[in-house]
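Each chain, written out:
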Amino acid sequence: MARVLLRVPTSAEKGAVIEMRALIQHVMETGYRPNAEGVLQPRDIIWNFTCRYDGEVVFNATLSPAIAANPFIAFTTIATQSGPISFTWEGDNGFAQTETRHITVT
Amino acid sequence: MKRIIAALLACCSVAVAEERRSGLFDMRPEAQAMQRDDSMNPGMLWVLDGEALWGRKPNPAAQSCADCHGDAASSMRGVAARYPAFDAAQGAAIDLAGRIIQCRETRQGSAPLAREGQELLALTSYVAHQSRGLPIAPPDDAGMRAARAQGQSIYMTQLGQLDLSCAQCHDDNAGRRLAGSVIPQGHPTGYPIYRLEWQGVGSLQRRLRGCMVGVRAEPFAYGSAAFIAIEAFLMERARGMEVETPGIRP
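**Q** Before we move on, could you go through the overall build of chain B and cite the residues and values that matter?
**A** When helices and strands are tallied, chain B shows 11 helices and seven strands. In terms of C-alpha radius of gyration, chain B reaches 19 Å, essentially the compact-globule figure of 18 Å for 250 residues. Taking the principal axes of its C-alpha atoms as reference, chain B extends roughly 75 × 40 × 35 Å. Here chain B holds 250 residues, and the buried ones make up 34% of them.

**Q** Kindly report on the sheet that holds strand β7 (residues 247–249) of chain B, identifying the contributing residues and their values.
**A** Residue and element names in this part refer to chain B. An order of β6-β5-β7 is seen for the three strands of this open sheet, with the pairing classed as mixed. Either end of the sheet is taken by a strand with one partner, and the two such strands are β6 (200–202) and β7. Sheet twist, expressed as the mean angle between neighbouring strand axes with direction ignored, is 35°. Taken together, the three bridges between strand β5 (residues 193–195) and β6 define a ladder with antiparallel strand orientation. Among the inter-strand pairings, Ile 193 is bridged to a residue of β6, identified as Gly 202.

**Q** Outline unusual backbone geometry, supporting the account with residue identities and numerical values.
**A** A cis geometry characterises the amide bond from Tyr 191 of chain B onward to Pro 192 of chain B, with omega recorded as -10°. Assignment of secondary structure puts Pro 192 of chain B in the loop between β4 (181–182) and β5. Between Thr 245 of chain B and the following residue, Pro 246 of chain B, the backbone shows a cis peptide bond with an omega angle of 0°. By the secondary structure assignment, Pro 246 of chain B is in the loop between α11 (225–237) and β7. One non-glycine residue, Asn 70 of chain A, lies in the positive phi region at around 55°. Looking at the secondary structure, you find Asn 70 of chain A in the loop between β5 (56–62) and β6 (72–78).

**Q** Could you give an account of the interface of chain A and chain B, naming the residues involved and the relevant values?
**A** On the chain B side, the residues contacting the 10 residues of chain A number nine residues. Broken down by secondary-structure element, the contributors of at least two residues to the side of chain A that touches chain B are β1 (4–7) and β3 (17–24) of chain A. Here the residues of the side of chain A that touches chain B are counted per class, giving five nonpolar, two polar and three charged.

**Q** Quick one: what's the story with the environment of Gln 199 of chain B, residue by residue and with numbers?
**A** Note that Gln 199 of chain B resides in the loop between β5 and β6. Look at Gln 199 of chain B and you get partly exposed, because 13 C-beta atoms sit within 10 Å. Taking the C-alpha atoms as reference points, Gln 199 of chain B and Pro 250 of chain B, separated by 51 residues in sequence, lie 9.7 Å from one another. Apart from residues no more than four positions distant in its own chain, Gln 199 of chain B is found in contact with Ala 68 and Ala 69 of chain A.

**Q** Run through the nonpolar core, naming residues and quoting values.
**A** Residue and element names in this part refer to chain B. With 60 residues, the main nonpolar core has Val 127 and Ala 232 as its most contacted residues. Broken down by element, the residue count for this core peaks at eight residues, all from α11. Each residue touching Ala 232, except ones within four places of it in the same chain, is listed here: Pro 84, Ala 93, Met 144, Ala 147, Arg 148 and Gly 151.

**Q** An account of the sheet that holds β1 of chain A is requested, with residue identities and associated values reported.
**A** Note on sheets: strands pair through backbone hydrogen bonds, and any given pair is parallel or antiparallel. All names here are of chain A. One open sheet accounts for three strands, arranged β1-β3-β6; its pairing is antiparallel. Two strands lie at the open edges of the sheet, namely β1 and β6, each paired on one side alone. Averaged over all neighbouring strand pairs, the angle between strand axes comes to 15°, with direction disregarded. Judged from the seven bridges that link them, β3 and β6 form a sheet pairing that is antiparallel. Within β6, the residue paired with Glu 19 across the bridge is Thr 76.

**Q** Tell me about the confidence of the model for chain B, and please be specific about residues and values.
**A** Averaged over all residues, the pLDDT of chain B is 92; the fraction at 70 or higher stands at 93%. Considering only residues more than four positions removed or in separate chains, one finds that residues 4–16 of chain B, a stretch of pLDDT under 50, has zero contacts.

**Q** Would you mind going over the packing of helix α3 (residues 43–54) of chain B against helix α7 (residues 118–129) of chain B in detail, with residue names and values included?
**A** Residue and element names in this part refer to chain B. Remark: α3 packs on α7, axes separated minimally by 7 Å, with the N-to-C direction vectors making an angle of 95°. Classified by the interaxial angle, the pair formed by α3 and α7 is roughly perpendicular. Contact residues: Gly 43, Trp 46, Val 47, Asp 49, Gly 50, Glu 51, Leu 53 and Trp 54 in α3; Glu 119, Leu 121, Ala 122, Leu 123, Ser 125, Tyr 126 and His 129 in α7. Among the residues making up the contact of α3 with α7, the classes are represented as eight nonpolar, four polar and three charged.

**Q** Now, about helix α10 (residues 204–214) of chain B: what can you tell me, with residues and values included?
**A** All names here are of chain B. Listed as buried for α10 are Leu 204, Gln 205, Arg 206, Leu 208 and Arg 209. The secondary structure elements touched by the buried residues of α10 are β6 and α11. Backbone geometry just after α10 places Arg 216 at a positive phi near 60°.

**Q** Tell me about the environment of Met 34 of chain B, residues and numbers included.
**A** All names here are of chain B. Examined against the element boundaries, Met 34 turns out to sit in helix α2 (residues 29–36). What makes Met 34 partly exposed here is the crowd of 19 C-beta atoms within 10 Å. Distance in space between the C-alpha atoms of Met 34 and Ile 183 is 20 Å, their sequence separation being 149 residues. Contacts of Met 34, omitting those with residues within four sequence positions, involve Met 40, Asn 41 and Ile 248.

Scoring rules and cut-offs
- Residues numbered from 1 in each chain as written.
- Chains lettered and ligands numbered in written order.
- Predicted model: local features only at pLDDT ≥ 70, side-chain atom pairs only at ≥ 80, totals over all residues.
- Helix = DSSP H or I, 4+ residues; strand = E, 2+ residues; numbered from the N terminus.
- Rg over C-alpha atoms; globule rule 2.2 N^0.38 Å.
- Buried ≥ 20, exposed ≤ 12 C-beta atoms within 10 Å, placed from the backbone.
- Pairing = 2+ DSSP bridges.
- Axes fitted to C-alpha atoms, helices over the stretch in contact; angles between N-to-C directions.
- Contact = placed C-beta atoms within 7 Å.
- Nonpolar A, V, L, I, M, F, W, Y, C, P; charged D, E, K, R; others polar.
- Core = buried A, V, L, I, M, F, W, Y, C linked by C-beta atoms within 7 Å.
- pLDDT = per-residue confidence, 0-100.
- Parallel < 35°, antiparallel > 145°, perpendicular 65-115°, else oblique.

Pasting the structure below:
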């Protein structure tokens, strides 16, 4: 499991704009760099990030090899109802990780 | 006239000495914000790794760091601000990473951690993070004086094909630009740092190697007495400045 730093509000007023920040530990190896022996290192990146709010996709990003290691993604959405917010990263070599937080909307 | 110039120069040198600034303030605001906010600072990933390692036994027979040192938040507070320190057993100065390697070998009876390896960087980041916000306070003992003097002399020595000393950039031309980048004063306040260029965390010695390669000199070996001496001198030079670990640098 890769280490993740998440900042998600635990509570919000209905209709408020909430900001979420997600940072994940990942090498994001481009596939274009040779190693010390001159052999090309195989690509190893996260290629998709999805945020679901109560099951509904509210944010999705496609990541490319040009994105730096330990990608940081910040975005906003509108607090509609109490429920789980899940963050999913998918990448090469079967990389898949999901983190879930709960938000209470009043 | 000469006297006026001398007086002006004296004023200038005093002003320079007072205006010590961390490399943090030489960065663009976005990068500064990245360091200040723990939810954006990727160096915190290494701190979290170190926290996990702190409580883990390196081998079933060994004790974990926490078994001896307890809660790092209290036992390790201020430790990084005092390193490098004099190690009586070796009769030489030792850096924080070197002390962790030593502990792992002699007290935990495990294989020594590799310099610049993920585990050592994580543990060093975690320990140094406990001193964040504290002033750098190098120890005043006699044993460190020789190391500091050696470090200062290396700092002043012109090295490599470009024939440049540390001082020629980081004292004489700090604040000016080398190509597109501001030359920082070179205070080791945030180590181990997350360097954007490295896309990862690295030690002060790795950073020093970068400068040595830059002036086309042959870098010292990791953990060598020469590197620890420079480190000791730089910490003395930065005495009283705040520890920032994990720092972000471009």
